[in-house]
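For reference, the chains in residue letters:
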Amino acid sequence: MTRQIFTYFALLILAGFLAIIQFSLVSAWSFPWNSVNLIIVAIISAFLIFNKDQVWFLALAAGWFLDVLGFHPFGVALLSLLFSTAVVYLVLENWLTNHSLYAFLLLTVIAVLVEALSYNLLLLIFARSGSAEKLFLFSDYFWKDLAATAVISLFLVGLFFNLLALAGRRLKPFFLKRP
């Protein structure tokens, strides 16, 4: 019981730390680097280490911290992260294995795409400004930002996966025999 409490407390601290880094440091960088989504990378990586309840808690806490720090309507980041986590969980449980680098790279692309689409759609629904703005799907910046986020997130998840595979035996392929 004490170990679980410590794990959830550590996840809460990690979520707060990642949200602060995302909001204050990453957003201040220039263009392709300000597209890094540390929260999505952390959620995808958490599927490698933690169980599903702990990943849900990480997504919930990170979304809450991002909403507290952000200037958009409260709940936009929380709902988009939870929806993205739900889609990633369903794909992981029903179609993919959690021992494959390719599976986690595909999950990263899915998570980035679902989170960006749901976040911008929720902003479009909740943020009613009087101006007639064009739909985010027709914006060049949206697609450039999405591509940069996907590429950088793929690199970070691939790097983390390989470091974790080197450090432990959990991700070693079990069907290959060494000579």
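From a predicted model like this one, the values you see are computed outputs, not experimental measurements.

Cut-offs used in this document
Residues numbered from 1 in each chain as written. Predicted model: local features only at pLDDT ≥ 70, side-chain atom pairs only at ≥ 80, totals over all residues. Heavy atoms only, no water. Helix = DSSP H or I, 4+ residues; strand = E, 2+ residues; numbered from the N terminus. Buried < 20%, exposed > 50% of the residue type's maximum accessible area, 1.4 Å probe, protein only. Contact = heavy atoms within 4.5 Å. Areas by Shrake-Rupley, 256 points an atom, 1.4 Å probe, with all protein chains shown as cover. Axes fitted to C-alpha atoms, helices over the stretch in contact; angles between N-to-C directions. Parallel < 35°, antiparallel > 145°, perpendicular 65-115°, else oblique. Left-handed = near helix turned anticlockwise from the far one by under 90°. Nonpolar A, V, L, I, M, F, W, Y, C, P; charged D, E, K, R; others polar. Expected span 1.5 Å × (residues − 1). Patch = residues over 30% accessible without salt bridge, like charges linked within 9 Å, V, L, I, M, F, W, Y side chains within 5 Å. Salt bridge = Lys/Arg side-chain N within 4 Å of Asp/Glu carboxyl O. 1 Å grid on protein atoms, 1.4 Å probe; cavity = no way out; pocket = protein on both sides within 12 Å on 5 of 7 lines; lining within 4 Å. Points joined across faces, edges and corners; volume = space filled by probe spheres on them. Polar contact = N/O pair within 3.5 Å; in protein donor to acceptor, adjacent residues only side chain to side chain.

Draft legend 1. How the structure looks around the overall build of the chain. A count of helical and extended segments in the chain gives seven helices and zero strands. When the elements of the chain are put in sequence order from the N terminus, they spell out α-α-α-α-α-α-α. Taking all 179 residues of the chain together, 39% fall into the buried category. Long-range pairs, those at least 24 residues apart, make up 66% of the contacts in the chain between residues at least 6 apart in sequence. With an accessible surface of roughly 11,100 Å², the chain has 71% of that area assigned to carbon and sulfur atoms.

Draft legend 2. Up close: the packing of helix α3 (residues 38-49) against helix α7 (residues 140-167). Running from amino to carboxyl end, α3 crosses α7 at an angle of 25°, the nearest separation of the two axes being 10 Å. Taken together, the axes of α3 and α7 are roughly parallel relative to one another. As for the relative orientation of α3 and α7, their crossing is right-handed in sense. Only Ser153, Leu156, Val157, Phe160, Phe161 and Leu164 of α7 make contact with α3, whose side of the interface consists of Val41, Ile44, Ser45, Leu48 and Ile49. Of the residues in the contact of α3 with α7, the class split is nine nonpolar, two polar and no charged.

Draft legend 3. Summary view of α7. The end-to-end C-alpha distance of α7 is 41 Å, a good match for the 40 Å that 28 residues give at a rise of 1.5 Å each. Among all positions in α7, only Phe142, Leu146, Ala148, Thr149, Ala150, Ile152, Ser153, Val157, Gly158, Phe161 and Ala165 are buried. Looking at the buried side of α7, the elements it contacts are α2 (31-34), α3 and α6 (101-126).

Draft legend 4. Focus on a nonpolar patch on the surface. On the surface, Leu79, Leu121, Leu124, Ile125 and Phe126 cluster together into a nonpolar patch covering about 460 Å² of accessible area. Per element, the largest residue contribution to the nonpolar patch is four residues, and it comes from α6. By secondary structure assignment, the location of leucine 121 is in helix α6.

Draft legend 5. Spotlight on the environment of phenylalanine 50. For phenylalanine 50, the position within the fold is in the loop between α3 and α4 (52-69). C-alpha separation for the pair phenylalanine 50 and threonine 7, spaced 43 residues apart in sequence, amounts to 9.5 Å.

Draft legend 6. View of the layout of surface pockets. Of the pockets and cavities examined, the largest pocket occupies roughly 980 Å³. Lining the largest pocket are 31 residues, and of these Gln22, Asn34, His72, Tyr119 and Asp145 lie nearest its centre. Tallying contributions element by element places α6 first for the lining of the largest pocket, with six residues. Tallied by class, the residues present in the lining of the largest pocket amount to 16 nonpolar, 11 polar and four charged.

Draft legend 7. Broad picture of α4. The first and last C-alpha atoms of α4 sit 26 Å apart over 18 residues, in line with the 26 Å expected at 1.5 Å per residue. When we look at burial in α4, the residues that qualify are Gln54, Val55, Leu58, Ala59, Ala61, Ala62, Gly63, Leu66 and Asp67. Packed against the buried residues of α4 are α1 (2-25), α3 and α5 (76-94). The residue sitting at the N-terminus of α4 and contributing the capping side-chain oxygen is asparagine 51; that oxygen lies 3.2 Å from the backbone nitrogen of aspartate 53.

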